[in-house]
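Each chain is listed here by its residues.
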Amino acid sequence: MRIDVVSIFPTIFDALEVSLLGKARQSGLLDVRVHDLRDYTHDRHRTVDDTPYGGGAGMVMKPAPWGEALDDVTRDAAASPVIVFPSPAGERFTQKIARELSTEDHLVFGCGRYEGIDERVFDYAADLGRVRLLSLGDYVLNGGEVAVMAMVEAIGRLIPGVVGNPESLVEESHEDGLLEYPSFTKPASWRGRDVPPVLLSGNHGAVATWRREQQLERTRERRPDLLAD
Ligand code: ADE
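Bear in mind the structure is a predicted one, so any value in this text is a computation, not a measurement.

Regarding the overall build of the protein chain
Thought 1: Broken down by element type, the protein chain carries 8 helices and 9 strands.
Thought 2: Reported as C-alpha extents along the three principal axes, the dimensions of the protein chain are approximately 70 × 40 × 35 Å.
Thought 3: In the protein chain, which comprises 229 residues, the share counted as buried stands at 41%.
Thought 4: Of all intrachain contacts in the protein chain linking residues separated by at least 6 positions in sequence, the fraction that spans at least 24 positions is 75%.
Thought 5: The distance from the centre of the 26 positive side-chain charges to the centre of the 37 negative ones in the protein chain is 5 Å.

Structural notes on the site of the ligand
Thought 1: Taken together, the residues surrounding the ligand are Pro86, Ser87, Pro88, Leu134, Ser135, Leu136, Gly137, Tyr139, Val140, Leu141, Gly143 and Ala147.
Thought 2: A distance of 3.1 Å is found between a nitrogen atom of the ligand and a backbone nitrogen or oxygen belonging to Ser87.
Thought 3: Gly137 is positioned with one of its backbone polar atoms (N or O) 3.3 Å from a nitrogen atom of the ligand.
Thought 4: In isolation the ligand has 260 Å² of accessible area, and contact with the protein removes 96% of it.
Thought 5: Looking at the shell around the ligand, the elements with two or more residues in it are strand E5 (82-92) and strand E7 (130-135).
Thought 6: Broken down by element, the shell around the ligand gets its largest block of residues, 3 residues, from E5.
Thought 7: Residues of the shell around the ligand, tallied by class, amount to 8 nonpolar, 4 polar and no charged.

Cut-offs and rules
Residues numbered from 1 in each chain as written. Predicted model: local features only at pLDDT ≥ 70, side-chain atom pairs only at ≥ 80, totals over all residues. Heavy atoms only, no water. Helix = DSSP H or I, 4+ residues; strand = E, 2+ residues; numbered from the N terminus. Buried < 20%, exposed > 50% of the residue type's maximum accessible area, 1.4 Å probe, protein only. Contact = heavy atoms within 4.5 Å. Lys, Arg positive; Asp, Glu negative; His and termini not counted. Charge placed at Lys NZ, Arg CZ, Asp CG, Glu CD. Near = heavy atom within 4 Å. Polar contact = N/O pair within 3.5 Å; in protein donor to acceptor, adjacent residues only side chain to side chain. Areas by Shrake-Rupley, 256 points an atom, 1.4 Å probe, with all protein chains shown as cover. Nonpolar A, V, L, I, M, F, W, Y, C, P; charged D, E, K, R; others polar.

See the structure below:
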C-alpha cells in the first residue's frame, strides 16, 4: 500500500520508521511518503495560512498550496486514491473504517492545522479521489498529525504480513464489537494477586466461555454504547 502524508510538520512522521510499521516499510509492504506542505508555496515566507473571510479568530489554511500538493501526490496514482482529512468535524474513525481502508492501494492524508483548511480544498480533492473527513474522537487536537499517526498505525497493522501472527488480530478489542478479555502471564501468583483459576485449568471450553463472559461484562461496564449497536 502507498500512503502519502501532507503536513507542515513532516518530521512528526519520523516515528513511523520504528516498530512493526518501520519493518513493513523496509520490506516494501508499506510505501509511506511524507510531504512538506510548505514545499508547494512560492513566496519567500512559505506561507500556508491567512485570515478567515467573514472575520473570526485564528487562521485558515490557504487553498493554493493544498491544490498543488494534492495534484502532486495523486499525479502518478494508478487508481483513484482515498483522500483522508482528519478533522474533529468528521465521521468517527473506527476499527471498521480501518479495516476498509486497509484494503486500498493508495491513501492520501492531508493534515490541517490552525482553524482548518479552506473548504474548497475538500471539493477540489473530490475530483482527484474519494474524500473522507475522519475524526479520532470527540475532542480537539492542535492539528491532524497525531490523528494521522493513529490512523496509519491502525490501518497499517491490518495489511496482511505487517503483524507477524495474524491470529493476534482476531481476538482484539473492537474486532467483534466487544472489548478484549483480560490477559495474564506467569507467575500464577504475584504480590498476593492470583490468576483466575479457570485459566490454569487446561479446559479450553471453560476458558473460552470465561473470556466471552469477561468481554461482555467489561463492555457492559465501560462501553454500553457498543452493546446498543
Ligand atoms: N484534528 C483536530 N482534532 C482532531 C480530531 N479529534 N480527530 C481528527 N483530527 C483532528
